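Chain and residue survey
Here is how the chains run, residue by residue.
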Amino acid sequence: MITRSKLLQMVIRSPILWGALATLAFYGSLQSWKPEGAVGRLLEDYFLAHPINYVSTAMFFVGLAVLGLKALLLGWHRQDLAQPALPQTPAPLEALAGSETLLAYIRRQEDRGESWLLQRIQAALEHVHRRASADGLLEHLQYLAEQDASRLESSYALLRVVIWAIPILGFLGTVLGLTVAVAKLEPEALEKSLPDVVAGLSVAFNTTAQALALTMVLMFGQFFVHRAEMRLLAQIDSRVEEELLGRFETLQANPEGHLAAVRRMLETLVHQTEALVRRQAEIWQASLESAATRWTNLAEMTQKQLQSALAGALTETYQVLHRQWMEAQQALVQENHRHWERLQQAIGQQTQALAELQHHIRKQVEVLTGAVEATGQIARLEETLNRNLAALTATGHFEQALASLTAAIQLLQARLGQAAWEPPVVHLEPSQRKGQAA
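All values reported here derive from a predicted model rather than from experimental measurement.

On a plain count of helices and strands, the protein chain comes out with 12 helices and zero strands. Counted from the first residue to the last, the protein chain has its helices and strands arranged as α-α-α-α-α-α-α-α-α-α-α-α. Long-range contacts, defined here as pairs at least 24 residues apart, represent 75% of the contacts in the protein chain between residues at least 6 apart. With an accessible surface of roughly 30200 Å², the protein chain has 64% of that area assigned to carbon and sulfur atoms.

The next thing to look at is the pattern of salt bridges. In total, this model carries eight salt bridges according to the counting rule given. A salt bridge links Arg151 to Asp148, with the nearest nitrogen and oxygen atoms 2.5 Å apart. Note that Arg151 and Asp148 are positioned in helix H7 (residues 137-154) at a spacing of three residues, about one turn of the helix. Assessed through its relative accessible area of 49%, Arg151 is described here as partly exposed. Taking the shortest distance from any N to any O, the salt bridge between Glu335 and Arg338 comes out at 2.2 Å. Note that Glu335 and Arg338 are positioned in helix H10 (residues 255-395) at a spacing of three residues, about one turn of the helix. When its relative accessible area of 29% is taken as the criterion, Glu335 is described as partly exposed. Its relative accessible area of 37% is what places Arg338 among the partly exposed residues.

The next subject is H7. Note on helix geometry: an α-helix contains 3.6 residues per turn, so any two residues three or four positions apart are oriented the same way. An ideal rise of 1.5 Å per residue puts 26 Å on 18 residues; H7 measures up with 26 Å between its terminal C-alpha atoms. Buried residues of H7: Leu137, His140, Leu141, Leu144, Ala145, Asp148 and Leu152, and no others. What you see down the axis of H7 is that its buried residues fit within an arc of 145°, all on one side. Exposed and facing more than 90 degrees away from the buried side of H7 are Glu139 and Glu146.

If you look at the biggest cluster of nonpolar residues, it comprises 23 residues, and the most contacted ones within it are Ile121, Leu125 and Leu244. Breaking this core down by element, the ones donating at least two residues are helix H4 (51-81), helix H5 (95-107), helix H6 (116-131), H7 and helix H9 (190-244). Top contributing element to this core by residue count: H6, with six residues. With sequence-adjacent residues up to four places away left out, Leu244 is seen in contact with Leu86, Ile121, Ala124, Leu125, Leu137 and Leu141. If you look at the next biggest cluster of nonpolar residues, it comprises 16 residues, including Leu67, Tyr156, Leu214 and Val225.

The subject of this paragraph is the confidence of the model for the protein chain. The pLDDT averaged across the protein chain works out to 77; a share of 76% of its residues lies at or above 70. The element-level mean pLDDT for the protein chain is lowest in helix H12 (residues 430-437), coming to 42, with H4 highest at 88. Under a pLDDT of 50 for its full length, residues 425-438 has, in the predicted model, 10 contacts with residues more than four places off or in other chains.

In this section: the side chain of Asn53. Locating Asn53 in the fold gives a position in helix H4. In this structure the side chain of Asn53 is engaged in a polar contact, spanning 2.8 Å, whose partner is the side chain of Gln210. Leave out the neighbours within four places in its chain, and Asn53 touches Tyr27, Asp45, Tyr46, Phe47, Leu48, Thr207 and Gln210.

So, about the packing of H6 against H7. Two elements in contact, H6 and H7, have axes whose closest approach is 10 Å; the angle formed by their N-to-C orientations is 140°. By the criterion of interaxial angle, the relationship of H6 to H7 is oblique. Note that H6 runs across H7; the crossing there is right-handed. Every residue of H7 that contacts H6 at Trp116, Arg120, Ala123, Ala124, His127 and Val128 is listed here: Leu137, His140, Leu141, Leu144, Ala145, Asp148 and Leu152. Its residues assigned to classes, the contact of H6 with H7 comprises nine nonpolar, two polar and two charged.

This part is about the packing of aromatic side chains. All told, the structure shown has five aromatic pairs when counted by the stated rule. Ring geometry for Phe223 and Phe224: centres 5.3 Å apart, planes at 70°, overall edge-to-face. Accessibility expressed as a relative area gives 45% for Phe223, which makes it partly exposed. Phe224 sits in the partly exposed class, given a relative accessible area of 46%. Geometry around Tyr156 places Lys70 over its ring, the cationic atom sitting 4.2 Å from the centre.

This part takes up the layout of surface pockets. Taken as a whole, the largest pocket holds about 950 Å³ of empty space. Together, 28 residues line the largest pocket, and Arg13, Leu73, His77, Glu114 and Trp116 are the ones closest to its centre. At the level of elements, helix H1 (4-12), H4, H6, H7 and H9 are the ones that each hand at least two residues to the lining of the largest pocket. In terms of residue count, H4 provides more of the lining of the largest pocket than any other element does, eight residues in total.

Procedures and definitions
- Residues numbered from 1 in each chain as written.
- Predicted model: local features only at pLDDT ≥ 70, side-chain atom pairs only at ≥ 80, totals over all residues.
- Heavy atoms only, no water.
- Helix = DSSP H or I, 4+ residues; strand = E, 2+ residues; numbered from the N terminus.
- Contact = heavy atoms within 4.5 Å.
- Areas by Shrake-Rupley, 256 points an atom, 1.4 Å probe, with all protein chains shown as cover.
- Salt bridge = Lys/Arg side-chain N within 4 Å of Asp/Glu carboxyl O.
- Buried < 20%, exposed > 50% of the residue type's maximum accessible area, 1.4 Å probe, protein only.
- Expected span 1.5 Å × (residues − 1).
- Arc of directions from axis to C-beta.
- Core = buried A, V, L, I, M, F, W, Y, C linked by side-chain atoms within 4.5 Å.
- pLDDT = per-residue confidence, 0-100.
- Polar contact = N/O pair within 3.5 Å; in protein donor to acceptor, adjacent residues only side chain to side chain.
- Axes fitted to C-alpha atoms, helices over the stretch in contact; angles between N-to-C directions.
- Parallel < 35°, antiparallel > 145°, perpendicular 65-115°, else oblique.
- Left-handed = near helix turned anticlockwise from the far one by under 90°.
- Nonpolar A, V, L, I, M, F, W, Y, C, P; charged D, E, K, R; others polar.
- Phe/Tyr/Trp six-rings, centres within 6.5 Å; stacked < 30°, edge-to-face > 60°.
- Lys NZ or Arg CZ within 6 Å of the ring centre and 35° of its normal.
- 1 Å grid on protein atoms, 1.4 Å probe; cavity = no way out; pocket = protein on both sides within 12 Å on 5 of 7 lines; lining within 4 Å.
- Points joined across faces, edges and corners; volume = space filled by probe spheres on them.

Put into structure tokens, the structure is as follows:
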């Protein structure tokens, strides 16, 4: 996937873009400058006379942009070549471990960009790391040098096409100019048609001359830039050999060398086995951690489900108990209301009975009061009668007193309201009478 930065680099490094911008700038300067005299006629004849001149000029600037970009990159690579590529080591390194360390060191140098030197060294270190041996490193370095040379030659493909196309365009302009000149040639009026024929021939020869001149500039520029790049590749080859050859341990072509090779192979096998065991242990650890995580998640999920189920059951039980409690409370309230109503009725009846009893008691009290008053009156009457009897006895008018007493008793009986009243017994004490008579 092409990122935004890579796309921006591709656009910036595009020679077609820079060639188009240079063409626009060139023709814009001609339109604004408008030179006069011989220079103006020369520029008009070779760059503005025919559309083929515009196309040839545009292709020339594209080729020039290719050379300019290559020259800029060439200067940057020369500066990069002056910087150290790998750290110095006091003794030869073991091939596998040393290549891993150096590869890590190369990958950390991201600020140096697409350096040819670092790319060559990285490819050689990857070769050593894959084979776990530095044997055949020189042959591989030569192979990498040939690859870089082939890649450098292929980078001139667009420039070669431009160098080939510009003369073709010039010849095409020549053919078109000759065709126009021949078409305007009139043998009957040769003097009149001669200026048109000369104008057509001038266009034909001017396009060819422009194409050849531009092609010569591009070819010389290609020669110098290509030679500089080849020198740079030769310097890179020497620098890579200095950096890598002799840095790693090599095997001797004798029995000791074979034993060292076998020992190295066994050590490599041991290292790979240890790495495999560590990898397997990491996989098991990851599997155990994943299983523990799944069990934890399952336990948490089960706990949440149990909590939700228990909460639901408790909620339902609470709702049922609350409903039953409300029904029982309502029934109790109704029963209490009924008991209260009956109690109120009983209290009302008791109150009414008490009121009636109070009324009867009041009446009895009134009767008793009257009886007490009558008793007092009777007692006073008895005293009066006794006195009267005594007086009557003394005077001898007893019968008249008895009639008066009877009338008084009847009057008292009428006052008390008794239907049958037993007259009190009047005890006449003879002793008293005798005493009074005497």
